[in-house]
Amino acid sequence: MSFANKGRALLVAAGVVVIAAVVAAIVVEPPEQARKKRLDDRRVQDLLTIETVVNEYWKRQQKLPASLIALQTSGLKASIDDPETNVAYEYLPLSEKSYRVCANFALETGNTGRRPWPANTVEWSHNAGRQCFERTVRQGPG
C-alpha cells in the first residue's frame, strides 16, 4: 500500500469515527435525562395502578376512597408515593364517581405517544411540573 493510499485510508477511518461520534451524541441521551424519563415513566405507571385500584375499590364499596391511604388500608395495593420524593401523589374525589390524581413530572411528554407503555400513553401525556388528571370510575368488566 502506498503512502497516499494509507493517508486516504486514515482519512476515511477518521471520518467514520467522527460520524459515529456525532450519531452517538444525538442518539444517546445524557444519564440525568434518562433518569428523569425513568422516574416519569414510573409516575405514569403508579397513576395507572392507582386508577385500576380505585376502580376495584369502587366495585367493592360502591364509593370512591376518601384518600389514597384508604386504598392501602382496604387491602388493595398501589404505590401511592412519588419514587423520587417519597411524597404521596395527590388524590381528590370530585363527585360520586370522578376524582383527580396529580403528580410532579420532571419532563414534558407532549402528545407523541412514543413511550412503549402504557398503550394509552397519550391519555397520560403531561408537561413538566405538577400535572393533574381527572378520571371517572369504570363500571364495566376489567
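Fair warning: this is a prediction, and the values are worked out from it, not measured in the lab.

S.K.: How should I be thinking about the packing of aromatic side chains in this particular structure?
M.R.: Aromatic ring pairs: the centre-centre distance and the angle between the two ring planes describe each pair. A full pass over the atoms with the stated rule returns three aromatic pairs. Arranged with centres 5.6 Å apart and planes meeting at 40°, the rings of Tyr-91 and Tyr-99 form a pair that is tilted. Residue classification places Tyr-99 among the buried residues on the basis of a relative accessible area of 1%. Aromatic side chains Phe-105 and Phe-133 sit 6.3 Å apart centroid to centroid with 90° between the ring planes, which places their arrangement in the edge-to-face category. Of this pair, Phe-105 sits in strand E2 (residues 98-105) while Phe-133 is found in strand E3 (residues 129-136), placing the two residues 28 residues apart along the sequence. Pair check on accessibility: Phe-105 and Phe-133 agree, each one buried. Aromatic ring contacts, followed pair by pair, group Phe-105, Trp-124 and Phe-133 into a single cluster.

S.K.: Sorry if this is basic, but what is going on with the pattern of salt bridges here?
M.R.: Oppositely charged side chains can form a pair if their charged atoms are brought close together. Per the counting criterion, the structure on display carries 12 salt bridges. In this structure, the salt-bridge partner of Asp-46 is Arg-42, at a minimum N-O distance of 3.0 Å. Pair noted here: Asp-46 and Arg-42 are both in helix H2 (residues 31-61), with a separation of four residues, about one helical turn. For Arg-42, a relative accessible area of 38% translates into the label partly exposed.

S.K.: I tried to follow the sheet that holds strand E1 (residues 90-93) on my own but got confused; where do I start?
M.R.: Adjacent strands of a sheet form backbone hydrogen bonds with each other and so pair up, either parallel or antiparallel. The strand order E1-E2-E3 describes an open sheet built from three strands, whose pairing is antiparallel. The strands lining the two open edges of the sheet, one partner per strand, are E1 and E3. Ignoring strand direction, the axes of neighbouring strands in this sheet form an average angle of 20°. Summarising the sheet, E1 and E2 pair through four bridges and their orientation is antiparallel. In the strand pairing of E2, Tyr-91 is matched with Val-101.

About the cut-offs
- Residues numbered from 1 in each chain as written.
- Predicted model: local features only at pLDDT ≥ 70, side-chain atom pairs only at ≥ 80, totals over all residues.
- Heavy atoms only, no water.
- Phe/Tyr/Trp six-rings, centres within 6.5 Å; stacked < 30°, edge-to-face > 60°.
- Buried < 20%, exposed > 50% of the residue type's maximum accessible area, 1.4 Å probe, protein only.
- Helix = DSSP H or I, 4+ residues; strand = E, 2+ residues; numbered from the N terminus.
- Salt bridge = Lys/Arg side-chain N within 4 Å of Asp/Glu carboxyl O.
- Pairing = 2+ DSSP bridges.
- Axes fitted to C-alpha atoms, helices over the stretch in contact; angles between N-to-C directions.

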